[in-house]
Amino acid sequence: MDTGQISRFVQSHYGLSGEFERLAGENENYCLRTDDGGRFVLKICGGVGPAATELENEAVETLAAALPDLRLPTSVPSSTGSPVVSCSEGKEARLLEFVEGTPWLEAGEPSAERCRALGSTLAQVALGLADLNSEAADRSHRWDLAAAALHRRHVGWIEDLDRRRVVDQAFQTFAAAWSSLGEFLPRGVIHGDANDENVLVEGDRIVGLLDFGDCLENPLICELAIALAYVMQRTAEPWKVAAHVVEGYHTLRPLQESEREALFPLILGRLAVTLTTCSERRRIDATRESWFASEEPAWKLLSRLGSHSPRDAAHALTSGIQEAGTDQQGSEPELLLEKRRQLMNPAMSVSYRDPLKIVRGRGQFLIDHHGRPFLDLVNNVCHVGHCHPRVVEAGQRQIAELNTNTRYLHDGLTDYAARLCATLPSSLDTCFFVNSGSEANELALRLARQHTGREHIMVLEGAYHGHTSSLIAMSPYKFRGKGGKGVAESWVHVVPSPDGYRGEHKGHGAESGRAYAEDVRRTISEASEPIAGFLCESILSCGGQVEPPEGYFAAAFEHVRKAGGVCIVDEVQVGFARVGSHFWAFERQGVTPDIVVMGKPIGNGHPMAAVITTKQIANSFANGMEFFATFGGNPVSCAIGNAVLDVIEAEQLQEHARILGEFFLTELQGLAQRHSLIGHVRGAGLFLGVELVRDPDTLEPASEEADEVINRLRHRGILLSTDGPLANVLKIKPPMVLTQDDVEFAIRALDETLASLQS
Ligand code: PMP
């Protein structure tokens, strides 16, 4: 509408006349000065709807009653008594009282007093709005800070790579904090946009608050975070300003521990949303200046804040309210490393050139001693997410009740055994519980030997099955690796790895499968003695994330069984729905083993493992000698194991692994098109591998490059590791609660890292 139309509109609906002036800012707002000296604001907008308008009015009225000294934009009804009047092009108009005061933005560098006043006003707003009971507040919108993660998918639109990286990191810090703290933050209705234009001051006093259009139900701390994201922008001393605001807030509404911790990540989240929104809007209309007014200041602040660790930032923000001496973080990493060197065997390695001290885990994130979150793409032990509350609670409850051993009857044990067996083909019906994958493979070896009366065993090239003496002898990954003897014991027979990418029978189809299975037949026939069994992983892990070609296991198992051996699958790494299509990875090839070994993910980090076999094999084992593992199958382990199964089911993690795994694989294949260093991408569900090669023809392994990639990604907040006999495969096996945002983040980071490596 032009000013003439507006003038006529206001005259006819409100009986007012005077002069109009368009106000700065992104909304269509006009200031009306009436002939008799009155001042109003006419707001014109589209599609807000009656519920939102009513919420806005109710919020203003509620606050006006609670805080009579705060000037607020109260609504002026039209001549027919309506708060909203339809105008042209489906838009609606509202007339509000003009609120006197200087916007914070224009009031100059704030004094400590003014900052504290802002904090206490925001706390008063939180307390005042507690009386508002409106269903309409249960909503979300573009600037809903609690939903900031939704904007992350647009990070790719930020063209400047340095900026994109900082914003990506900010989103990660936000996401990690949100996943661990979100549910604990006290909630209520907030104004939702206490920015430096909406807060009005006079001297050191806060006299008014404008624009309730973003009002919604939210964690209360979001109000403070949003305000800080603005007041920290245009000051030379952002930390000092923020600390004073927090101090003022805390005096009236004391901040809980979770809120203090969440504050900095939420500020980062708000700035990240501002910056992604600007990039998004630039694609729509780059000439609309009002859309980009806060872009540069927001960027400046974010880059400044991003260089602080969350822990230091939390300290700085709460320096005015923090009791001294509450923070116990233990030794710095350098000192810990030194202590470790003195106390522990050097054979125990530490990941990364710049080792990490991790103090907390939550979901798919590990948090270091600076409070920095790392996206964990490699831990397939904390399967349903680090410290999953349901698993933690199950363990805590049971350990407070009873922890004994399997010599007593306990419902937990038998319930759990029945549940585990139900995930397997019906012939696999007898359970043994132990404490580690190694112990489980040892037991599987004993079962096979006892059942067949034979000693010899067959394993795959590159395999790792555990750290005991027998298992090191059965792990070419170790005995052929650094410090190994190089040759197999006479009772161990090694079959070539069924590697579809670089093995002798390359290819992923049935022909390759048959050819590799033929290696199994040949190895059996050439062995010095008949074999007791064949121990193999369904997808090789340490062996290089190798998925055997189609039909391999069916043919290989046939050869083994014909020779009187038993088929043992080690599902320690790949089991429990990780592969997405099935619960157990061996099911992908339609075979049924005789013994299944499970570990790592079974207890989400609690040390437990299991062996499940057939009645027949179990009966051969029961020769009179008691089987007893002190801790195996204890009530606490069973409670935890049960909770892990509950979470897999309740959160539908198998289906999630299937869908997200496919997405991840496709994205990695896209990267392979752009980076010649990627020779092969493979895997199933959330068990993936990226093999790096220097030359696609010779397949010369790019082991140093792989090491460089994981070390660079570690500094970008992503944890990966390398593996395979040539140490050139990036292993991807994250906690199953990984999200699409995380995958997109990892892909962006990997893309840039590979590009920087090749330039
Ligand atoms: N089997 C496989 C396939 C493994 O990867 C591992 C451990 N990396 C083990 C067995 C041994 O498990 P644990 O370390 O629990 O003894």
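Everything discussed here concerns the structure shown above.
Cut-offs and rules
- Residues numbered from 1 in each chain as written.
- Predicted model: local features only at pLDDT ≥ 70, side-chain atom pairs only at ≥ 80, totals over all residues.
- Heavy atoms only, no water.
- Near = heavy atom within 4 Å.
- Polar contact = N/O pair within 3.5 Å; in protein donor to acceptor, adjacent residues only side chain to side chain.
- Helix = DSSP H or I, 4+ residues; strand = E, 2+ residues; numbered from the N terminus.
- Pairing = 2+ DSSP bridges.
- Contact = heavy atoms within 4.5 Å.
- Axes fitted to C-alpha atoms, helices over the stretch in contact; angles between N-to-C directions.
- Core = buried A, V, L, I, M, F, W, Y, C linked by side-chain atoms within 4.5 Å.
- Buried < 20%, exposed > 50% of the residue type's maximum accessible area, 1.4 Å probe, protein only.
- Domains from an automatic or database assignment.
- Salt bridge = Lys/Arg side-chain N within 4 Å of Asp/Glu carboxyl O.

Undergrad: It is not clear to me how the site of the ligand should be interpreted in this structure. Could you clarify?
TA: The local shell around the ligand holds 14 residues, among which Gly 437, Ser 438, Asp 570, Gln 573 and Lys 600 are the closest. Between the ligand and Gln 573, the relevant distance is 2.7 Å, taken from an oxygen atom to a side-chain nitrogen or oxygen of the residue. For the ligand, a nitrogen atom lies 2.9 Å from a polar atom in the side chain of Lys 600. For the shell around the ligand, the element with the highest residue contribution is helix 13 (residues 437-452), accounting for three residues.

Undergrad: Can you help me understand the sheet that holds strand 10 (residues 205-209) in this one?
TA: With antiparallel pairing, the three strands of this open sheet are ordered in space as 7-9-10. Each having just a single partner strand, strand 7 (102-103) and strand 10 make up the two edges of the open sheet. In this sheet, strand 9 (residues 199-202) lies alongside strand 7 in antiparallel orientation, the contact comprising two bridges. Bridging across to strand 9, Pro 103 finds its partner in Leu 200. Against the sheet, helix 3 (residues 112-129) makes contact with strand 9 and strand 10, and its axis sits at roughly 40 degrees relative to strand 10, the strand it touches most.

Undergrad: Teacher, can you tell me more about the nonpolar core here?
TA: Most often, soluble globular proteins keep nonpolar side chains buried together rather than apart. In this structure, Leu 420, Phe 534, Met 598, Phe 664 and Leu 668 are the most contacted members of the largest nonpolar core, which totals 95 residues. Take this core: its biggest share by element is eight residues, from helix 19 (residues 635-650). In terms of domain composition, this core takes at least three residues from each of domain 3 (360-382 + 653-758) and domain 4 (427-629). Leaving out residues up to four positions away in the same chain, Phe 534 has contacts with Met 458, Val 459, Leu 460, Val 495, Val 520, Tyr 552, Ala 556, Phe 557, Val 560, Val 566, Cys 567 and Ile 568. By size, the runner-up hydrophobic cluster in this structure holds 77 residues, among which are Leu 122, Ala 126, Phe 174 and Leu 271.

Undergrad: Would you mind showing me how to read the pattern of salt bridges here?
TA: Once their charged atoms are close, side chains differing in charge can pair, the charge on each being opposite to the other. Tallied over the full model, the rule gives 49 salt bridges. Of the charged contacts, one joins Glu 217 and Arg 187 as a salt bridge, the two residues approaching to 3.1 Å between their closest N and O atoms. Of this pair, Glu 217 sits in strand 11 (residues 216-219) while Arg 187 sits in strand 8 (residues 187-190), and the two are 30 residues apart along the sequence. According to the relative accessible area criterion, Glu 217 is partly exposed, its value standing at 26%. For Arg 187, a relative accessible area of 44% corresponds to the partly exposed category. Residue Arg 694 pairs with Glu 704 through a salt bridge whose shortest N-O separation is 3.3 Å. Here Glu 704 lies in helix 21 (residues 703-714) and Arg 694 lies in the loop between strand 23 (687-692) and helix 21, a separation of 10 residues in the sequence. We classify Arg 694 as partly exposed; its relative accessible area is 36%. Since its relative accessible area comes to 59%, Glu 704 is described here as exposed. Salt bridges sharing partners connect three or more residues here, namely Arg 353, Asp 707, Glu 708 and Arg 712.

Undergrad: Could you clarify how one ought to interpret the sheet that holds strand 25 (residues 721-723) in this entry?
TA: Within a sheet, each strand pairs with its neighbour through backbone hydrogen bonds, oriented either parallel or antiparallel. As summarised here, the arrangement of the four strands in space is 22-23-26-25, forming an open sheet in which the pairing is antiparallel. Bordering the open sheet on either side are strand 22 (678-684) and strand 25, each of which pairs with just one other strand. Neighbour-to-neighbour, the strand axes of this sheet turn through a mean angle of 30 degrees, independent of strand direction. Here strand 23 runs beside strand 26 (residues 729-732); their pairing, made up of four bridges, is antiparallel.

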